[in-house]
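# Observations on the model geometry
Each chain, letter by letter, is given below.
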Amino acid sequence: MREQLTKKDVERIEKEIEHRKLVVRKEAIEAVKEARAHGDLSENFEYHAAKKDKNKNESRIRYLERMLKTAEIISEDSAADEVGLNNTVTLYFEDEEECEDFRLVTSIRGNSLKNLISIESPLGRAVFGKKAGERVYVPVNENAGYYVEIRSIEKTGDDGSDTIRSF
């Protein structure tokens, strides 16, 4: 499946790639050279750790470059009265009789611990494009789900404070 990214997501990814290529790569290569100079490579923990860090950085660069090649660029724009990307919504969970605030983001920035919900998650898909006051069914699986009511929508926009998820 293609990642859905905003223009700002693409800019952040490009900056991370550049940083990894120009700064992290040089540091990793230097660490490998320094560890190699310590002698016997078969029992040199520093050498193996430095090689692992270097390979992890190269893997991350390839992953991000591949993501950019296949990404679908989406707009952050939404109507003033509907839930859109980078909007904060207050949802009332009927089963729990509680309200909670969430911000809808692209999948690469989703982080449920920070209440950043992906527009591709079941909850994000259910409320995306809906209006305040609407009651929405959120499917969990084929046989179960729950209802939420959209209490309010705040047009917060993308402040860039959250980071791109790392794997």
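This is a predicted model, so every value here is computed, not measured.

### So, the overall build of the chain
For the chain, the helix and strand inventory stands at three helices and seven strands. The secondary structure elements of the chain, listed N-terminal to C-terminal, are β-α-α-β-β-β-β-α-β-β. In terms of overall dimensions, the chain is more spread out than a globule: its C-alpha atoms have a radius of gyration of 21 Å, far above the 15 Å expected for 167 residues. Dimensions of the chain, computed from C-alpha atoms along their principal axes, come out at roughly 70 × 30 × 25 Å. Of all 167 residues assigned to the chain, the portion counted as buried reaches 37%. For the chain, the proportion of contacts with a sequence separation of at least 24, taken over those separated by at least 6, is 55%. Approximately 10,500 Å² of the chain is accessible, and the part contributed by carbon and sulfur atoms is 49%. If you average the places of the 29 positive and of the 35 negative side-chain charges in the chain, the two averages end up 7 Å apart.

### Considering the sheet that holds strand E7 (residues 145-154)
In space, the five strands of this open sheet follow the order E5-E4-E3-E7-E6, with mixed pairing throughout. Either end of the sheet is taken by a strand with one partner, and the two such strands are strand E5 (116-118) and strand E6 (135-139). Strand-to-strand twist in this sheet, taken as the mean axis angle between neighbours without regard to direction, amounts to 45°. Where strand E4 (residues 98-105) and E5 come together, three bridges link them in parallel fashion. Bridge pairing links Val105 to Ser118 in E5.

### Quick notes on helix H2 (residues 45-70)
A rise of 1.5 Å per residue sets the reference length of H2, with its 26 residues, at 38 Å; its end C-alpha atoms lie 38 Å apart and thus fit the reference within 8%. Where H2 is concerned, the buried positions are Tyr47, Ala50, Asn57, Glu58, Arg60, Ile61, Leu64 and Met67. Where H2 is buried, its residues meet strand E1 (4-5) and helix H1 (7-36).

### What about the pairing of strand E3 (residues 88-93)?
With six of six residues buried, E3 lies mostly within the body of the structure. Burial along E3 is two-sided: the residues Thr88, Thr90 and Tyr92 and Val89, Leu91 and Phe93 are all buried. The sheet contact formed by E3 and E4 spans six bridges and is antiparallel. Within E4, the residue paired with Leu91 across the bridge is Glu100. Where E3 folds back onto E4 in an antiparallel hairpin, the turn is made up of four residues, including Glu97, whose phi is positive at roughly 55°. As judged from the six bridges shared by E3 and E7, these two strands associate in the antiparallel manner. Residue pairing for E7: Thr88 is matched across the bridge by Glu154.

Reading guide: rules and limits
Residues numbered from 1 in each chain as written. Predicted model: local features only at pLDDT ≥ 70, side-chain atom pairs only at ≥ 80, totals over all residues. Heavy atoms only, no water. Helix = DSSP H or I, 4+ residues; strand = E, 2+ residues; numbered from the N terminus. Rg over C-alpha atoms; globule rule 2.2 N^0.38 Å. Buried < 20%, exposed > 50% of the residue type's maximum accessible area, 1.4 Å probe, protein only. Contact = heavy atoms within 4.5 Å. Areas by Shrake-Rupley, 256 points an atom, 1.4 Å probe, with all protein chains shown as cover. Lys, Arg positive; Asp, Glu negative; His and termini not counted. Charge placed at Lys NZ, Arg CZ, Asp CG, Glu CD. Pairing = 2+ DSSP bridges. Axes fitted to C-alpha atoms, helices over the stretch in contact; angles between N-to-C directions. Expected span 1.5 Å × (residues − 1).

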